[in-house]
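The chain contents come next:
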Amino acid sequence: MTAAVSLTEHVTLALWATNLGRKVTDMADWAAHVDAQMAKAAAKGAKIFVLPEYASEQWLAFKPDGLQTGQEIAWMADLAPEARKHAAALAKKHDMLLVAGSMPWHIDPKNPADGQTNSAMIFTPEGDAIIQDKLSLTPGEQEPENWFLTPGQAFNVIEWRGLTVAVLICLDIEMPALSCLLAPLDIDVLLVPSMTMTPSGYNRVFGCAKARAVELMTVVAACGTTGTAINTTNNPTNYSGCSVFTPCEPQLGHSGLFARAEPGFDDGADGPLLIAEDVPVGLIRSLRNGDAEVWPGGWSAAHVSVHKHG
């Protein structure tokens, strides 16, 4: 591996809207698919690579016969440690920070009956491994007879090569209360793996991601699943794409959209790979530290009273 380069001024991001309908035969084959996409991104200078929420659904292509919907989460969680080993090796091989999508994770590996979290797996090339649990679960993730998961309780901030990086999973990015907690943390890049079945879900997640870029004066990169996982008993469709959002400031082109891969249901291939080159994190940091046209920052409503009339 070459010497680590500081990323304090610019960073190139790679987001892969994985087509879950592309068959993989086992965990090694899944890792080979990720490896191939990371190699493409590395050739363009990417240093952060993001897979979407429930990238693990691609494993359902080789699930055991007779596995029922209510058993899928625990089965994927059984495979998650092997996926972690592959992902850690790939982060080192390609010298990237890798968000290997999200996947179910046993709360207590010795007692799977204690339940599972929906967890983003984050790996640095230096060998660090961070698990970020989804904090806000959808109704479908809380159905006792379906994908019955446990919400996370903690938020992680990662300091890596001069960047402050964090991950929020799908619905978490839609929570304004979380934005208030994050505002004082000086985050440079907020990564959002997601899974949405319809255009409405896509627009909720990506619209809120753009709002968070304004509220936090930071880069927000969102990436979702496409296609339909082979053998799935859940999520019959997936609609998404990839976008990198920045604050709506004159120095950044006014619009707040830095790069975008068009959303869709299924591209017939591996899914869109978006390479966002030279995202100006240094400039955005200076805006956040006082040079912005307007930034609400860590404003608090604690001093505001509410009066009801009528």
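Note that the structure is a prediction, hence the values are computed from the model and not measured.

About the cut-offs
- Residues numbered from 1 in each chain as written.
- Predicted model: local features only at pLDDT ≥ 70, side-chain atom pairs only at ≥ 80, totals over all residues.
- Heavy atoms only, no water.
- Pairing = 2+ DSSP bridges.
- Helix = DSSP H or I, 4+ residues; strand = E, 2+ residues; numbered from the N terminus.
- Axes fitted to C-alpha atoms, helices over the stretch in contact; angles between N-to-C directions.
- Contact = heavy atoms within 4.5 Å.
- Buried < 20%, exposed > 50% of the residue type's maximum accessible area, 1.4 Å probe, protein only.
- Expected span 1.5 Å × (residues − 1).
- Bend = angle between axes of the 7 residues up to and from the residue.
- Phe/Tyr/Trp six-rings, centres within 6.5 Å; stacked < 30°, edge-to-face > 60°.

Before going further, it helps to spend a moment on the sheet that holds strand β9 (residues 219–224). In space, the six strands of this open sheet follow the order β6-β7-β8-β9-β10-β11, with mixed pairing throughout. At either margin of the open sheet sits one strand with a lone partner, and together these are β6 (158–160) and β11 (257–264). Each strand axis lies, on average, 20° off the axis of its neighbour in the sheet, ignoring direction. Summarising the sheet, β9 and strand β10 (residues 240–245) pair through four bridges and their orientation is antiparallel. Bridging across to β10, Ala222 finds its partner in Ser243. Each of β8 (189–194), β9, β10 and β11 touches helix α4 (residues 199–216); the most contacted strand, β10, lies at about 10° to it.

The strand order β5-β4-β3-β2-β1-β12 describes an open sheet built from six strands, whose pairing is mixed. Edge positions in the sheet fall to β5 (129–133) and β12 (273–279), since each of these pairs with one other strand and no more. Neighbouring strand axes in the sheet, compared pairwise and without regard to direction, differ in orientation by 25° on average. Of the strands in this sheet, β1 (11–16), β2 (48–50), β3 (97–106) and β12 are in contact with helix α1 (residues 27–43), which crosses β1 at around 145°.

Once that is clear, we can look at unusual backbone geometry. Phi is positive for Asn235, which is not a glycine, with a value near 45°. Residue position: Asn235 is located in the loop between β9 and β10. Judged by its relative accessible area of 10%, Asn235 is buried.

Within the fold, Asp128 resides in the loop between β4 (116–123) and β5. Between the C-alpha atoms of Asp128 and Ala91, which are 37 residues apart in sequence, the distance is 9.8 Å.

Next up on the list: helix α2 (residues 69–94). With 26 residues, α2 should cover 38 Å at 1.5 Å per step; its first-to-last C-alpha distance of 35 Å lies within 8% of that length. Remark: the principal bend of α2, roughly 40°, maps to Ala80, with a proline, Pro81, within the next four residues. Among the residues making up α2, those that are buried are Glu72, Ile73, Trp75, Met76, Ala77, Leu79, Ala80, Ala83, Ala87, Leu90, Ala91 and His94. Looking at the buried residues of α2, the elements they touch are α1, β3 and β4. One or two positions beyond α2, positive phi appears at Asp95, with a value near 55°.

Under the defined criterion, the tally for this structure stands at six aromatic pairs. On the basis of an interplanar angle of 65° and a centroid distance of 5.9 Å, the ring pair of Phe62 and Trp75 is categorised as edge-to-face. Residue Phe62 is located in the loop between β2 and α2, and its partner Trp75 is located in helix α2; the two are separated by 13 residues in the primary sequence. The exposure class assigned to Phe62 is partly exposed, which follows from its relative accessible area of 22%. A relative accessible area of 13% means that Trp75 is categorised as buried. Cluster of aromatic residues (ring-pair linked, three or more members): Tyr202, Phe206, Tyr239 and Phe265.

Attention shifts here to the side chain of Thr232. On the secondary structure map, Thr232 appears in the loop between β9 and β10. Dropping the residues within four chain positions of it, Thr232 is found in contact with Glu57, Leu60 and Glu72.

Of all five residues that make up strand β7 (residues 163–167), five are buried, and the element is covered over most of its length. Residue alternation in β7 divides its side chains into two sets, Leu163, Val165 and Val167 and Thr164 and Ala166, and both sets are buried. Where β6 lies against β7, three bridges are found, and the strand directions are antiparallel. Bridge assignment links Glu159 to a residue of β7, and that residue is Thr164. Hairpin remark: β6 followed by β7, antiparallel, with two residues in the connecting loop; positive phi at Arg161, about 50°. As defined by bridge partners, β7 adjoins β8 across three bridges and the pair is classed as parallel. Residue pairing in the sheet places Val165 in a bridge with Val189 of β8.

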